[in-house]
Amino acid sequence: MKTTLYAVIAAALPFAASAADITVHDAYLRSSSPMSGAGFMQIDNTGAADCQLSAVSSPAAGKAELHTHIDENGMMKMVHVPEGFTIPAGGSFMLERGGPHVMLMDLVAPLAQGDEATLTLDFGDCGQVEVTAAVDNDRKPEAGAGH
Ligand SMILES: [Cu+2]
């Protein structure tokens, strides 16, 4: 009975995604320059609908954007991704060194080792998720080029 009831509710609300479906793991920041830094994390989506990370903001930065790196003739180049990133239903998405990342610009203050900053991740219809990330400049890259 319980299974049937759940199926009925799920069928009635096929796109009822919410921030409760999104969890963020292992968020950390790195300083790129006195005026900029980058944020990395794993984002999981346990919901039944895809969620689009479409914007980010932080009180620590005058401007925050979603960026990635592309390989242009063998040179890794950083680009702004205005449409953001899709976190697939039942899947996860990595913001990682040498790949997709949160870019913090016009920093209120330089990011010092151990400092914490709040990031508000906007997932559109899936809601907003706030995460606190600490600056860890010593962390080794898991993959790809440095920022
Ligand atoms: Cu960047």
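Overview of the structure. Residue numbers here run from 1 along each chain, matching the order of that chain's written sequence. Predicted model: local features are reported for residues with pLDDT of at least 70 only, side-chain atom pairs are reported and counted for 80 or more only, and whole-chain, interface and lining totals are derived from all residues. Calculated side-chain values reflect all of the structure's heavy atoms, with hydrogen atoms and water omitted.

Section: the pattern of salt bridges
The cut-off we apply is this: Note on definitions: salt bridges are taken to be side-chain nitrogens of Lys or Arg within 4 Å of carboxyl oxygens of Asp or Glu.
This model, assessed by the stated rule, comprises 3 salt bridges. In this structure, Glu 72 and Lys 77 form a salt bridge, with 3.5 Å as the shortest nitrogen-oxygen distance.

A short note on unusual backbone geometry
Apart from glycine, the bulk of residues carry a negative phi angle, and the bulk of peptide bonds sit in the trans form. We count it as follows: Comment: elements are numbered from the N terminus, with helices defined as DSSP H or I runs of at least four residues and strands as E runs of at least two. For every residue, the accessible area obtained with a 1.4 Å probe (protein chains only) is divided by the maximum for its type, and the residue is called buried under 20%, exposed over 50%, and partly exposed between those limits.
Backbone geometry at Asp 26 places phi at a positive 60°, although glycine is not the residue there. Tracing the chain through its elements places Asp 26 in strand E1 (residues 22–33). Not every positive phi belongs to a glycine, and Asp 106 is a case in point at roughly 50°. One can find Asp 106 in strand E9 (residues 101–107). For Asp 106, a relative accessible area of 44% puts it in the partly exposed group.

As for the coordination of the copper ion
Formally: Nitrogen, oxygen and sulfur within 2.8 Å of a metal are treated as its donors, or within 3.2 Å for sodium, potassium and calcium (Na, K, Ca); water is not counted, so a site can appear incomplete. Donor angles set the geometry label: tetrahedral for four donors if every angle is between 85 and 135 degrees, square planar for four and octahedral for six if opposite donors exceed 155 degrees and the others are between 65 and 115, irregular for anything else.
The coordination sphere of the copper ion, as far as protein atoms go, consists of His 67 (ND1), Met 78 (SD), His 101 (NE2) and Met 103 (SD), spread over 2.1 to 2.2 Å. Given 4 donor atoms and angles of 101 to 116° at the metal, the environment of the copper ion is assigned as tetrahedral. Coordination of the copper ion draws on donor residues from a single chain, spaced H-x10-M-x22-H-x1-M in sequence. With Met 78 in strand E6 (residues 75–80) and His 101 in strand E9, this residue pair connects regions lying 23 residues apart in the sequence.

As for the nonpolar core
As a reminder, the rule being used: For the purposes of this section, nonpolar cores are sets of buried Ala, Val, Leu, Ile, Met, Phe, Trp, Tyr and Cys residues that join through side-chain atoms within 4.5 Å. Whether two residues are in contact is decided by their heavy atoms: any pair within 4.5 Å suffices.
With 29 residues, the main nonpolar core has Leu 29, Ile 43, Val 102, Leu 104, Leu 121 and Phe 123 as its most contacted residues. Looking at this core, the element that brings in the most residues is strand E11 (residues 128–135), giving 4 residues. Excluding residues that lie within four positions of it along the chain, Leu 104 makes contacts with Leu 29, Met 35, Ser 36, Gly 37, Ser 58, Ala 61, Lys 63, Ala 64 and Leu 119.

Quick look at the state of the cysteines
Convention followed: Here, two cysteine sulfur atoms that lie within 2.5 Å of each other are counted as a disulfide.
Applying the stated criterion across every chain, the model contains 1 disulfide. The disulfide that involves Cys 51 links it to Cys 126, with 2.0 Å between the sulfurs. Residues Cys 51 and Cys 126 are joined by a disulfide whose S-S torsion is about -90°; by sign, that bridge is left-handed. Within this pair, whereas Cys 51 is found in strand E3 (residues 51–53), its partner Cys 126 is found in the loop between strand E10 (116–122) and E11, the two being separated by 75 residues in sequence. A residue is classified by how much of its surface remains accessible, and Cys 51, at 1% relative accessible area, is buried.

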